[in-house]
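Architecture at a glance
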Amino acid sequence: MNAPATATNLKPQQFKSDVKPVWCPGCGDYTVLSSITKALAALEVRPENVAVVSGIGCSSRIPAYTTCYGFHGVHGRALAAATGLKVARPDLTVIAAGGDGDGYSIGGNHFLHACRRNVDLTYIVMDNRVYGMTKGQPSPTTEPDWDSKLSPHGTGLREFHPLVIALASGANFIARATSSDPNGTADLITQAVRHPGFSFIEVLSPCVTFRPEQRSWKDMVHPAPVEPTDDPARAARRLMTDDGFNIGVLFAGHRKPYRPEASASPKRVAELEAEFVL
Amino acid sequence: MTYLAKPRLHHPTLPANRLGYTRRDYEGKVSTLCAGCGHDSISAAIIQACWDLAIEPHRLAKLSGIGCSSKTPDYFLGQSHGFNTVHGRMPSVLTGANLANRDLIYLGVSGDGDSASIGLGQFAHVMRRGVNMAYILENNGVYGLTKGQFSATADKGSKAKRGQVNADAAIDTVSLALLMGATFVARSFSGDKQQLVPLVKAAIAHPGAAFIDVISPCVAFNNHAGSTKSYDYVREHNAAVNRLDFWPNREAITVDYSEGGMIEVPQHDGSIIKLRKLDASYDPSDRINAVTHIATAAAKGEVLTGLLYLAPDAEDLHAHLNTCETAFNRLGEKELCPGAGMLERINASLR
Amino acid sequence: MTQAAKAMTSVSVALAGSGGAGVMTAGNMLLEAAAQAGYYGLMTRSSGPQIRGGEAAAMLRIATTPCDSVDDRYQVLAAVDWGNVARFAAELPLEASSLVVGDPAQGEPPEVFLKSGARYAPVTLKATAKKIPGGWPNMVALGLLGGLIGLPAAALRAAVEKSMKKGGDALAASLAAVQAGVGEAAKIGVRYPLAPAPARSSRWLVTGNQAAGYGAIRGGVRFVAAYPITPATELLEWMAPALAQVGGTLVQAEDELASINMILGASYGGVPSLTATSGPGLSLMIEALGLGVAAEIPIVVVDVMRTGPSTGIATKTEQADLNIAMYGLHGDAPHLVLAPNSVADCLLTTQWATHLAETLQVPAIVLSDQFFGQARAVVERPADVSFAGARQRAEPDAADYQRYALTPTGVSPMAIPGTPGITYTADGLEHGERGTPSSAAADHLAQMEKRARKLDSIDYGEHWAEIEGEGELAVITWGSCTGAVREAFARAKADGVSGRLLSLRLMSPAQPQRLRRALQGVKRALVVEQSFGGQFMRYLRGEYDLPCELTSFRKPGPLPVRPDEIHRKILEWSRA
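Residues numbered from 1 in each chain as written. Chains lettered and ligands numbered in written order. Predicted model: local features only at pLDDT ≥ 70, side-chain atom pairs only at ≥ 80, totals over all residues. Heavy atoms only, no water.

Re the overall build of chain A
Across its full length, chain A carries eight helices and eight strands. At 20 Å, chain A has a C-alpha radius of gyration in line with the 19 Å of a compact globule built from 278 residues. In terms of its C-alpha atoms, chain A occupies a principal-axis envelope of roughly 70 × 45 × 40 Å. A burial count over chain A gives 64% of its 278 residues as buried. Looking at chain A alone, contacts between residues at least 24 apart form 70% of all its contacts between residues at least 6 apart. When the accessible surface of chain A is split by element, carbon and sulfur atoms take 54% of a total near 10,600 Å². Computed over 28 positive and 27 negative side-chain charges, the inter-centroid distance for chain A is 3 Å. (Helix = DSSP H or I, 4+ residues; strand = E, 2+ residues; numbered from the N terminus. Rg over C-alpha atoms; globule rule 2.2 N^0.38 Å. Buried < 20%, exposed > 50% of the residue type's maximum accessible area, 1.4 Å probe, protein only. Contact = heavy atoms within 4.5 Å. Areas by Shrake-Rupley, 256 points an atom, 1.4 Å probe, with all protein chains shown as cover. Lys, Arg positive; Asp, Glu negative; His and termini not counted. Charge placed at Lys NZ, Arg CZ, Asp CG, Glu CD.)

Here is the structure:
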């Protein structure tokens, strides 16, 4: 809110609001917030031209922690709101952000269709494989045998593989990042925003409260040993055999972003009634 | 939704299956879909498959959502249980039904609008859960019931009747089912009875989430060119109205081609769909190979048909949840009441 | 059978047949011909849920004055074939002086139609059509009906030519078939001739769905997210090309959950936005409507009501979404609910709803219904009204900007993304004035009061209701029942009985003082609605302190409320 009106080069700090996050100390989402602000500074955009859109969940609180325009909507529908906003206002940089429960369970349908529609926006999912805000239930990315009050002895269900699904649904840019590397994540977000069409970044962002074992993720992640590919078949093989800890851009395609065409024969509003006149 | 009763009299020479049922016993009411609709051929294949398998009609439940295809359970297995549910929500209703009574055979019938648009989230999660069912998607790439909007499986670049070009990428339900963990994944064509009937039988027999995407041409709406004379006439007649109510009759499209072969099938609208039947040597037990195969064929503009994937070690949701062998709806007080000893222990724990 | 060949001021005819037989096409042409000849008219449709292969009926009323309602009886029922037409019998009441026309090759008319004592005239529609190369039975039926009601040949010809612009052999064949139909009509020996057409005026031929779509665009809507659902689809389909021509956009969403959230996103971006749906879709949108209330984002949702609950009868009308529209939102969530009272009024009401939503920064639900949405009517050109989007926007770099500032009116200037120095986060979480989430009781109370206050901050003026007539008797109604009530009062007037018609357009916020004033001097009021449970009656009892005795007249869809039912009730009361 304090962005100087004339500056073109803002510091990451100037994208951070004075609202105190609700997150637990040590939560991965703090560094994701830093990465977003770093990326926005690197992109040389101004906060009023950026909208951060989210649903419901711990990570979905993120819009208010930036100085950008924010939209904290209903559970699972961040991508729908972001789609409407970007189509109506193509001049804005639109970033949708949220968690695994919001994005892959209740919002799973919109996730698939957003990949398919390929509107030029960036979707950042902070995946901690748990519903944190409701205090520890399994999400679609939770391991089948993870014990919880709601699903004792685990759900028994195969995990949802977001990157593979994103690829199959037509996402134009797919990357995995880790909250343990804020600068690397900032760089991936920067690339994602610059890439035309729907860009998807999955960020491994541990929940230290309900999944303390995820602290070890920082030792398990490693740079993807491969270059980004634009071949969906290669990417499919890569993603289906991936260990879940490869960090980097894993697919960058060339699909044309969705942009409704303007009419070749614009009319005044009153001219529309001609078809009714007798 | 039909008011014509089929005659109950059976021709004495109609062959009966192992249980003594004739094919007529597996039929439903008279279809009210457009003449030549691929969905009616799929209904016929389901009837044939169930007769072949000698399924007791009362042991099968057919569930559907909303749309043309979701109306078809009225047109087959008239003596089985049916539940026409809400738009896009058939998978969750079927999941609940299956959990309550594992003894029935579950047939999920849906269309591309129902499964790939409003219900895509449910479609994905029901495959992931591995619900024991045969899920048949009657895929025509268009919303017929609301008169011709694009559905999510419409090919990118295809044109709707009103001329809008579809700008969104198509959802390939077969790839999605594979990636979501379905343990039986197949694709067929409504007019290929030789291929479709065995697939339906195998899907019913499969002990897990079985999915068949059946390409099924829409005679009324998926028609770009308007080639026939009568069609032109009709179009002119309808230029003034906001809703079509006149269609020429069409014949159902049928095909017959061999394993490994490719066939170009002209559709009602004049477009052509290239079907490639899987080779006899194709190994359906490799999930990654299946995905690559489909992608490679798609790059050549071909649609692969046949059994694309079959998990050798398929399990269903009941196994995942470790439920008891008896169907839940048959458990009586005797099985469910933990007894006085348990009550005493609970009481003691609360003191 | 004696037939008074006296000229009639209103004639109702129906054309039925299997779906795909072209009865709607012929019905539309008949309406067009009547319009060309200078008459008013209304065409409603009845069909099964089949794509084709079911049965359908085009039901027309043609008159010398505007038709806001269907009539009590049909003078003519013609059928291209009888198929399952009998299942519409309840929607096609006949009387002894009616005429039933059918093709003898298609069998006898169902007994249910002849029970009324109507005369049956067999006409070989199919064989007559077959004699003309390229001729179709529906065109013969068009000529037959046009002949029976005395439409000029030139008007019929103009209607056929207008819908077959390509001309050629097909046009010639259709014109010949129509001519043959006129000839068949002359042989029947019964006619239902219309009185001379009234003086020409500026008129439209329009459906309620089109009128609503156009009203939205006039009100400033430039973004629409759409998911198809009967009977709202045509509204969205009309808007798709229309919006593109005026610089707007329509996106087809993956479901209703997406469409409502898309329009919230677009409107948050500063673009007036709308979606249209029917009952099941409205149910899916309710959660996000709550977000619109809490985050103060204006949107318009047009609910083209159909018979419920659940899938119900998707192709038929009912007024039973009033409860969910008024009270379906979770929490205390003040919002706007409006209802058009005629086909033409779908324009004004949707335009006004857009204007109010934008002005007050609140979601508006417009309760249209299948009757309005899919009816085509010849109407007087609706008056131009100046309602257009008027959202208060915040200035760039406004000092100490607070998105949810507690202003006296409750409306606070909205920051639009792209405007520097006043960024904020729109939130469904309760918040303080700045927009920062807050769980403090004081903030909750202050923001609740703000959101409630703004709905009372403006003068809704004369449009809140239609009020007509004087007297100690009143009928209070809404939506598509209005036309039948108006006609009932017109008939009662001829009997020397007068009364007052009140049709509510603004359902929420309720206007108790205004209704009280409007009912001054009224001793008894009849509440007319098309809902089984009496939703409108309960609404009136709950929202208003009514100074008179109330009686409920209600029935569920899909059968329309007909003028005669209300007329009889009014007479009964006047004699009591």
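What to know about the pattern of salt bridges
Where charged atoms from two side chains of opposite charge approach closely, those side chains can pair. Within this structure, the stated rule accounts for 46 salt bridges over all chains. A salt bridge links Glu 27 of chain B to Arg 24 of chain B, with the nearest nitrogen and oxygen atoms 2.9 Å apart. Residue Glu 27 of chain B is classed as partly exposed on the basis of its relative accessible area, which comes to 24%. Here Arg 516 of chain C ties to Asp 545 of chain C by a salt bridge, and the two come within 3.2 Å at their closest N and O atoms. Remark: Asp 545 of chain C occurs in the loop between helix H17 (535–543) and strand S21 (549–554) and Arg 516 of chain C occurs in helix H16 (residues 512–518); sequence separation between them is 29 residues. Several salt bridges converge on common partners, so that one network encompasses Arg 61, Asp 71, Asp 72, Glu 487 and Arg 491 of chain C. (Salt bridge = Lys/Arg side-chain N within 4 Å of Asp/Glu carboxyl O.)

A few points about the interface of chain A and chain C
By a widespread convention, an interface's size corresponds to the accessible area lost as its parts come together. Taken residue by residue, the interface counts 49 residues in chain A and 59 residues in chain C. Together, the buried faces of chain A and chain C total about 4,400 Å²; carbon and sulfur atoms form 60% of this surface. For the interface between chain A and chain C, the tally reads four salt bridges. One salt bridge connects Glu 273 of chain A with Arg 218 of chain C, and the closest N-O pair in it is separated by 3.4 Å. On the surface where chain A and chain C come into contact, there are 25 residue pairs in polar contact (both at pLDDT 80 or more). Counting residues per element, the ones that place at least two in the side of chain A that touches chain C are strand S2 (69–72), helix H2 (78–88) and helix H4 (108–117) of chain A. Take the side of chain A that touches chain C: its biggest share by element is seven residues, from H2 of chain A. Grouping the amino acids of the side of chain A that touches chain C by side-chain chemistry returns 25 nonpolar, 13 polar and 11 charged. The pairing of S2 of chain A with strand S15 (residues 425–427) of chain C spans three bridges and is parallel. Bridge pairing links Gly 70 of chain A to Thr 425 of chain C in S15 of chain C. (Buried area = accessible area lost by both parts, 1.4 Å probe. Polar contact = N/O pair within 3.5 Å; in protein donor to acceptor, adjacent residues only side chain to side chain. Nonpolar A, V, L, I, M, F, W, Y, C, P; charged D, E, K, R; others polar. Pairing = 2+ DSSP bridges.)

Topic: the environment of Thr 436 of chain C
As for its position among the elements, Thr 436 of chain C is in the loop between S15 and helix H14 (441–455). Considered as a pair, Thr 436 of chain C and Tyr 424 of chain C are 12 residues apart in the sequence and their alpha carbons are 8.4 Å apart. Excluding residues that lie within four positions of it along the chain, Thr 436 of chain C makes contacts with Val 19 of chain A together with Glu 430 and His 431 of chain C.

Focus on the sheet that holds strand S10 (residues 273–277) of chain C
Residue and element names in this part refer to chain C. Reading across from one edge, S9-S8-S10-S11-S13-S12-S19 is the order of the seven strands in this open sheet, with mixed pairing throughout. Edge positions in the sheet fall to strand S9 (249–252) and strand S19 (506–508), since each has one partner strand and no second. Ignoring which end each strand starts from, the neighbouring axes of this sheet average 20° apart. (Axes fitted to C-alpha atoms, helices over the stretch in contact; angles between N-to-C directions.)

Regarding a nonpolar patch on the surface
All names here are of chain A. Residues Val 22, Ile 56 and Met 133 make up a contiguous nonpolar surface patch of roughly 220 Å² in combined accessible area. Inspection of the secondary structure puts Met 133 in the loop between strand S4 (122–127) and helix H5 (162–169). Overall, the relative accessible area of 36% leaves Met 133 in the partly exposed class. (Patch = residues over 30% accessible without salt bridge, like charges linked within 9 Å, V, L, I, M, F, W, Y side chains within 5 Å.)

Comments concerning the sheet that holds strand S1 (residues 50–54) of chain A
Read across the open sheet, the nine strands follow the order S7(A)-S8(A)-S5(A)-S6(A)-S4(A)-S3(A)-S1(A)-S2(A)-S15(C); overall the sheet is mixed. Every interior strand has two partners, whereas the edge strands, strand S7 (222–223) of chain A together with S15 of chain C, have only one. The pairing of strand S3 (residues 93–99) of chain A with S4 of chain A spans five bridges and is parallel. Looking at S4 of chain A, one finds that Gly 98 of chain A is bridged to Val 125 of chain A. The strands touched by helix H1 (residues 29–42) of chain A are S1, S3, S4 and strand S6 (199–204) of chain A; relative to S4 of chain A, the strand with the most contacts, the crossing angle is about 160°. Along the sheet, helix H9 (residues 256–268) of chain C makes contact with S2 of chain A together with S15 of chain C, crossing S2 of chain A at roughly 155°.

Remarks on helix H8 (residues 232–240) of chain A
Within H8 of chain A, the full set of buried residues consists of Ala 233, Ala 235, Ala 236, Arg 238 and Leu 239 of chain A. A side-chain oxygen of the first residue of H8 of chain A lies 3.0 Å from the backbone nitrogen of Ala 233 of chain A; this N-cap is Asp 231 of chain A.

What to know about the state of the cysteines
Residue and element names in this part refer to chain A. Counted under the stated rule, the structure contains zero disulfides over all chains. With no disulfide of its own, Cys 24 lies 6.4 Å from the sulfur of Cys 207, the closest cysteine sulfur. Of the residues examined, Cys 24 reaches a relative accessible area of 35% and is grouped as partly exposed. (Disulfide = S-S within 2.5 Å.)

So, the environment of Val 112 of chain C
Residues and elements named next belong to chain C. Its place among the elements puts Val 112 in helix H2 (residues 111–114). For Val 112, a relative accessible area of 33% puts it in the partly exposed group. Residues Val 112 and Ala 90, 22 residues apart in the sequence, show an inter-C-alpha distance of 9.3 Å.

Some remarks on unusual backbone geometry
Cis geometry marks the peptide bond from Thr 230 of chain C to Pro 231 of chain C; its omega dihedral reads 0°. Residue Pro 558 of chain C is reached from Gly 557 of chain C by a cis peptide bond, and omega for that bond is 0°. Along the chain, the position of Pro 558 of chain C falls in the loop between S21 and helix H18 (563–575). Unlike most non-glycine residues, Asn 322 of chain B shows phi in positive territory, near 60°. Within the element layout of this structure, Asn 322 of chain B appears in the loop between helix H10 (317–321) and helix H11 (333–336). Using a relative accessible area of 66% as the deciding quantity, one classes Asn 322 of chain B as exposed. Even without being glycine, Ser 310 of chain C reaches a positive phi, approximately 55°.

Points about the nonpolar core
Membership of the largest hydrophobic core comes to 199 residues, with the highest contact counts inside it found for Met 127 of chain B together with Leu 504 of chain C. Listed in part, the 59 residues of the second largest apolar core include Val 11, Leu 15, Val 76 and Ala 121 of chain C. (Core = buried A, V, L, I, M, F, W, Y, C linked by side-chain atoms within 4.5 Å.)

Examining the pairing of S21 of chain C
Direction of pairing for strand S20 (residues 524–529) of chain C relative to S21 of chain C: parallel, over a ladder of six bridges. Residue pairing in the sheet places Val 528 of chain C in a bridge with Phe 553 of chain C of S21 of chain C.

Quick word on the pairing of S4 of chain A
Successive side chains on a regular strand alternate, one facing one side of the sheet and the next facing the other. Residues and elements named next belong to chain A. Counting buried positions over the six residues of S4 gives six, a clear majority of the element. Because side chains alternate across S4, one face comprises the buried residues Thr 122, Ile 124 and Met 126, and the other comprises Tyr 123, Val 125 and Asp 127, equally buried. Summarising the sheet, S4 and S6 pair through six bridges and their orientation is parallel. Looking across to S6, one finds that Val 125 is bridged to Glu 202.

Overview of the packing of helix H7 (residues 208–218) of chain C against helix H12 (residues 345–360) of chain C
All names here are of chain C. Running from amino to carboxyl end, H7 crosses H12 at an angle of 35°, the nearest separation of the two axes being 7 Å. Handedness of the crossing formed by H7 with H12: right-handed. In this structure, H7 uses Gly 208, Ala 211, Ala 212, Tyr 214, Gly 215, Ala 216 and Arg 218 to contact H12, whose residues at the interface are Cys 346, Leu 347, Thr 350, Gln 351 and Thr 354. Each residue belonging to the contact of H7 with H12 can be placed in one class, and the counts come to six nonpolar, five polar and one charged. (Left-handed = near helix turned anticlockwise from the far one by under 90°.)

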